[in-house]
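Understanding the architecture of this molecule
Single-letter residue listing:
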Amino acid sequence: MAFYLSLSSSSSAAATSCCCAPPSSLYSRLNPLFFPQRRRNFTSTLSGLRRRRRSKTKFYTVAAAVSAENAGVFTSPETAKSFDFANEERIYKWWESQGYFKPSFDRGSDPFVVPMPPPNVTGSLHMGHAMFVTLEDIMVRYHRMKGRPTLWLPGTDHAGIATQLVVERMLASEGIQRVDLGREEFAKRIWDWKEKYGGTITNQIKRLGASCDWTRERFTLDAELSRAVVEAFVRLHEKGLIYQGSYLVNWSPNLQTAVSDLEVEYSQEPGALYYIKYRVAGGSRDDYLTIATTRPETLFGDTAVAVNPEDERYSKYIGKMAIVPLTFGRHVPIISDKYVDKDFGTGVLKISPGHDHNDYLLARKLGLPILNVMNKDATLNEVAGLYCGLDRFEARKKLWSDLEETGLAVKKEAYNLRVPRSQRGGEIVEPLISKQWFVTMEPLAEKALKAVEKGELTIMPERFEKIYKHWLSNIKDWCISRQLWWGHRIPVWYIVGKDSEEEYIVARNGAEALEKAQEKYGKHVEIYQDPDVLDTWFSSGLWPFSTLGWPDVSAEDFKRFYPTSILETGHDILFFWVARMVMMGIEFTGTVPFTNVYLHGLIRDSQGRKMSKTLGNVIDPLDTIQEYGTDALRFTLALGTPGQDLNLSVERLASNKAFTNKLWNAGKFILQNLPSKSDLSSWEALSIYKFDMVESLLKLPLAERWVVSKLHILIDTVTSSYDKYFFGDVGRELYDFFWADFADWYIEASKARLYHSESQSRASVAQSVLLYVFGNILKMLHPFMPFVTEELWQALPSREEALMASAWPLTSLPRHVESIKQFENLQALTRSIRNIRAEYSVEPAKRISASIVASSEVIEYISREKEVLALLCRLDLQNMIFTDSAPGNANQSVHIVASEGLEANLPLADMVDISSEVERLSKRLVKMQAEYDGLMARLSSPSFVEKAPEHIVRGVQEKAREAEEKLMLTRNQLAFLESSVLVSK
């Protein structure tokens, strides 16, 4: 029905015109999908309503037209017991086919743009993906409904190390190594793998309901994005910010590549601390220094031995030479430096600058030489002498054995090590001197720091700004080269026959490189490209603008959608990715790539533990969807707090699945209680109600004024929370309103209008309000729970468009605070009467009399809702009295004070057989007294109190207190009954 959408559309003018549409024009667009042949006729007589209620014949609803394509896509709650999760994929394909995911400039010109964190092309859906997809989809669905042109730009990352590792393992299973294929053929195999398996993660993300514009999907190795990567490298090099040099890096022996500091994960693992004698040259047999080390195999790379200058134990040796064990007498200087910790080990430190980051920095400060003792496969090289060719761990064992034989081994003790492992390969990384390409980060970091200080970039939660600033303030140069075959080839060419460190050319392509080389070295020059590729994070750092057309700043998408609105991602990649994007964005575009950063936490199990296969606590999103539905999963994930880890449990999922069912059942109730298609007069009566003006609101009955006022307040609150990205607050506010206010109270109250009122106008107003409130609930819940809300929306008498394309509810709509207070009084009275019924075990179906005592003002509005009160409290409508003074039979009634100025008296005789109740309570009192006496006897026994465990004694004391309270309540209740004049003596 056109009138329905008008109540919540974004234009009051449109609302007025829709409300005035003649009913006959509505039925010309009816969708036959929602109209079975059998229907109910709506009449205004109470007897007719009750008769049809007893017959349980179904109401059938009027539904709006939908395009011919959606026939078979949606299921009405009238014909389905519950929402079928299998419908989710059909609904998603329908959205996509209608073009709803693309940005539309029909209703606004200020775009809302979110660049999706590109998952690895090798990836398979996990809860981390589910989290970011949920939060980002909430953002884009909300802003799309607000009328903003919304672009959520998806894509995948080529994941250099991970992808190469996957394909190498696949080839190894066939007995093939990549070196056997050669670089070109190996790259072809990876592309073939990508074409076959690379779409897996994309399809899984779609299963979560991600409303991305898939026509703009990007891959970091796409031609356009590769051009942007080369351009970025060239520009940075031209500014002197990229350089090549031999430095200590984190080397992954298995992957045969350098990895960045951020790609190294440290774990506490059992190991050993080895104590070794270093003899002092020229001294006696008693002149030696004992060194404690966890990596004895690196002693071949020692270039000094250091002690603290304030350590008196070793002051006499400073300036002398020490003999490195098992090196045939190689001498190294004994030096002093405050860096040495006197209290660690023996207070003597071996300096191996080629294999320890701290030693490397100390050696550069002091001008010490650097020795590398290890090959890139983690075997020892010729510097290790007799140990050359041994694996590092084999060498450690043999070395210690030899030290023991020569008397240079002091002792070996167990020690917990902080072991650095490659995030991708998992093996222990080796600090190794290697020639790599680096980016000078300090000038880039300075601009990124100023962006936050000036308020150009906001990080949520705010506490992460301190972490961001600390990292950028202490940033190291970035090693961007990787010794891989999969990725963006470094755009550097060398001259055949020249020193590669000095003679190289940076160019955008091979032709340009050759042209430059020929200009400098003649036309017969030969060149070859650097075999390394760039760190995956280098290309990812360009993601927000390379995906929109940069370096072509005239590209339509770049002009329309850059800078983007917000970057949402996990707080664990604040440095990996977010900070680098900020630095790159400012450097290449002159502005921050996004104005806001939203960081979510990690997802843990119900006990707060990190999910891992080892613990067996991994929750698979696809399995979860199959059991609980996508909407329940999304709603659960969205209730977390920004930046804080979320403990996920099946109990939460089950609870939110129940929420989905409750929504479905509410929709079923509403649809089954609408007029039939042929009842034009009833539909016309529904269409006259408006809710966007104070005058119209005040004409509604109390229950309707209350729920509409509460709804309008909720719309403002929820909209504000959406705007602030307080999604947890949004979810809780909507959940509470729907369940506690709408479902538990208004739907129940509406039954008095629909089934127990002789006034058709009262039934019409209830139907209209049910549609209005429920429709707006669906709109506000849609970003969280897109599937069930769309299914329900399509079954309602609304316009043709999808819920996801409909307008967001208006804010600042009228509300009547006094009506809210009045209905809260009615609620308090209802709860009080229900409590008394429960206390006296009144049969649920039994109707009782009641005298409501209040001022004339309160009685005026309470009495108008007597049908609602009677229905909710199971009161006898014919024996309800509203009075301003206590009734004559007050001494024979249970007296209730519901709220200030509102009381009730419920005749005891209506609720219980008093004599029987006295007898029952008397027996109960005897039993309770015996239980209480038993507890007190235990507590009065010194042997129990003194010998029993403290927690046992506390438990008995608590039981005794509870028993005493129950005794007192029962005695009071029994005394009240016995004092009644109705008791037969």
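The structure this text deals with has already been given above.
Figured I'd write up the structure that's included with this text. (Residues numbered from 1 in each chain as written. Predicted model: local features only at pLDDT ≥ 70, side-chain atom pairs only at ≥ 80, totals over all residues. Heavy atoms only, no water.)

What to know about the packing of aromatic side chains
Under the counting rule described, the total for this entry stands at 50 aromatic pairs. Taking 5.3 Å as the distance between ring centres and 90 degrees as the angle between the ring planes, the aromatic pair formed by F545 and W550 counts as edge-to-face. Judged by relative accessible area, which is 0%, F545 ranks as buried. Note on W550: relative accessible area 1%, which makes it buried. R141 extends its terminal NZ or CZ atom over the ring of W95, reaching a point 4.4 Å from the ring centre. The cationic tip of R178 hangs over the ring face of W485; the distance from NZ or CZ to the ring centre is 4.7 Å. (Phe/Tyr/Trp six-rings, centres within 6.5 Å; stacked < 30°, edge-to-face > 60°. Buried < 20%, exposed > 50% of the residue type's maximum accessible area, 1.4 Å probe, protein only. Lys NZ or Arg CZ within 6 Å of the ring centre and 35° of its normal.)

Some details on the pattern of salt bridges
Taken as a whole and assessed by the stated rule, the structure comprises 42 salt bridges. The partner of R421 in a salt bridge is E269, with the nearest N and O atoms 2.7 Å apart. In this pair, R421 is assigned in strand β13 (residues 409-422) and E269 in strand β7 (residues 264-280), connecting sequence segments 152 residues apart. Classification of R421 as partly exposed rests on a relative accessible area of 26%. Residue E269 is classed as buried on the basis of its relative accessible area, which comes to 19%. (Salt bridge = Lys/Arg side-chain N within 4 Å of Asp/Glu carboxyl O. Helix = DSSP H or I, 4+ residues; strand = E, 2+ residues; numbered from the N terminus.)

Quick look at the pairing of strand β2 (residues 150-153)
Along β2, one buried face is formed by T150 and W152 and the opposite face, lined by L151 and L153, is buried too. Here strand β1 (residues 112-115) pairs with β2 via four bridges, running parallel. Residue F112 lies in a different strand from β2, and its bridge partner there is T150. Regarding topology, helix α6 (residues 127-145) serves as the crossover connection from β1 to the parallel β2, and that connection is right-handed. (Pairing = 2+ DSSP bridges. Right-handed = clockwise from strand over helix to strand, strands pointing away.)

Quick look at the nonpolar core
The nonpolar side chains of soluble globular proteins are, as a tendency, buried together. One finds W95, F742, V773, F774 and M911 to be the most contacted residues of the largest nonpolar core, which totals 165 residues. With 14 residues, the single largest contributor to this core is helix α27 (residues 727-755). Of all hydrophobic cores here, the second largest spans 65 residues; its members include L449, W550, Y562 and L599. (Core = buried A, V, L, I, M, F, W, Y, C linked by side-chain atoms within 4.5 Å.)

The analysis is restricted to geometry; functional conclusions fall outside its scope.
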